[in-house]
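The primary structure of each chain is shown beneath.
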Amino acid sequence: MVELKNITVGFNNHNILDGLNLNIKDGEILSVIGMSGTGKSVLLKTILGLIPHQNGQIIFDGIDISEFTEEEYDYKVRNKMSMVFQAGALLDSLTIEQNIKLALIHRKDLSNDTKHKMALESLEMVGLSGVDSKYPEELSGGMIKRAAIARGIVSKPKYLFYDEPTTGLDPVLSNLINNLIHKLSRELNITSMLITHDINGAEKFSDRIAMLYRGKIILTCPAGEIWRQSNETFNNFIHGNVEFK
Ligand SMILES: Nc1ncnc2c1ncn2[C@@H]1O[C@H](COP(=O)(O)OP(=O)(O)OP(=O)(O)O)[C@@H](O)[C@H]1O
Ligand SMILES: [Mg+2]
């Protein structure tokens, strides 16, 4: 479980996250929703240790990560987490296999042959067998998203964080990616947190929904109960009401 307690993250004296509390429970799929520019990507990067927090605690499997040395952090935390970045973030100059193996670059314990096999296995898991020697520009947008997910799972993480995995995809592809996230979560037992604007997909494929608003998580609820909430801000947002600010 990852517990965020009273987290504050700011840039230039302006707090983006401001006393934020959130738990990610083992085995669940948690979807985080919220307005564009509200700090969802900042939240993910904070959990992954890519952005420092000024206040609060991140408790990772029961241990406060601020007590870790950099080495302990790498070994006990970073190795267990992986992220699928917004827009995929594949490098154009590398093949799909090379892009996927980037996630294993620090794994000196694995041979090149093992890394090759792991890359092919994860491509198979996402339904992309056979594209390993292609370059990103040769793939469609939906294939890029799946290749990015293959890179996310190749290290066999305990936690996988997705930043808008379905944004920009047509409804059929969105459904395919949501199904894939659900399958990976259940079959590989990966605890998953995703940022999404796809409310209907989130309702169908997640266990819980949380809403980020003005630096805080203002509501979490079971995914099946999103249309039965009394929080006005939450309701205005999910219904797309113009009253939402
Ligand atoms: N490294 C940074 N330095 C300064 N400001 C930043 C940095 N990263 C993010 N911000 C600011 O934090 C705010 C939140 O950005 P973030 O990318 O988290 O939004 P978001 O909720 O993910 O939006 P979207 O839905 O459009 O992806 C923005 O105002 C952004 O300019
Ligand atoms: Mg974002």
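Note that the structure is a prediction, hence the values are computed from the model and not measured.

Cut-offs and rules
- One numbering rule holds for all chains: residues counted from 1, following each sequence as written.
- Chain labels run from A onward and ligand labels from 1 onward, assigned in the order the entries are written.
- Local features in this predicted model are restricted to residues whose pLDDT is 70 or higher, and side-chain atom pairs enter the listing and the counts only when it is 80 or higher, whereas totals over whole chains, interfaces and linings include all residues.
- Nearness is defined per residue: the C-beta atom, placed using the backbone, must lie within 6 Å of the molecule or strand.
- In this text, helices come from DSSP runs of H or I with a minimum length of four residues, and strands from runs of E with a minimum of two, each type numbered from the N-terminal end.
- For every residue, the other C-beta atoms within 10 Å of its own C-beta are counted; 20 or more classify it as buried, 12 or fewer as exposed, and values in between as partly exposed. C-beta atoms are placed from the backbone.
- At least two bridges found by DSSP between two strands are what make those strands a pair.

K.L.:
Would you mind going over the site of ligand 1 with me for this structure?
P.N.:
Near ligand 1, the surroundings consist of Phe11, Ile16, Gly34, Ser36, Gly37, Thr38, Gly39, Lys40, Ser41, Val42 and Gln86. Here the shell around ligand 1 gets three residues from one element, more than from any other, and that element is helix α1 (residues 40-47).

K.L.:
How should I be thinking about unusual backbone geometry in this particular structure?
P.N.:
Peptide bonds are, in most cases, trans, and in most cases residues other than glycine have a negative phi. One non-glycine residue, asparagine 13, lies in the positive phi region at around 65 degrees. Here asparagine 13 is to be found in the loop between β1 (2-11) and β2 (14-24). Residue classification places asparagine 13 among the exposed residues on the basis of 5 C-beta atoms within 10 Å. Backbone geometry places asparagine 189, a non-glycine residue, at a positive phi of 55 degrees. Looking at the element boundaries, asparagine 189 is found in the loop between α6 (171-187) and β8 (191-195). What makes asparagine 189 exposed here is the crowd of 10 C-beta atoms within 10 Å.

K.L.:
Sorry, what's going on with the pairing of β2 here?
P.N.:
Each regular strand carries side chains that alternate between the two faces of the sheet. Pairing of β1 with β2 involves eight bridges; the strand directions are antiparallel. From the neighbouring strand, valine 9 faces β2, where its bridge partner is leucine 17. Connecting β1 to the antiparallel partner β2 that follows it, the hairpin turn spans two residues, and asparagine 12 within it adopts a positive phi of roughly 50 degrees.

K.L.:
Explain the pairing of strand β10 (residues 216-222) to me, please; I cannot follow it from the model alone.
P.N.:
Bridge count for strand β9 (residues 208-213) against β10 is six bridges, and the pairing is antiparallel. By the bridge assignment for β10, methionine 211 is matched with leucine 219. Two successive antiparallel strands, β9 and β10, enclose a turn made up of two residues, where arginine 214 displays a positive phi of approximately 45 degrees.

K.L.:
For this particular structure, what's the right way to read the sheet that holds strand β4 (residues 55-60)?
P.N.:
Sheet strands pair by backbone hydrogen bonding; their relative direction is either parallel or antiparallel. Strand order in the open sheet made by the four strands is β2-β1-β4-β5, with antiparallel pairing throughout. Two strands bound the open sheet, and with one partner strand each, they are β2 and β5 (63-64).

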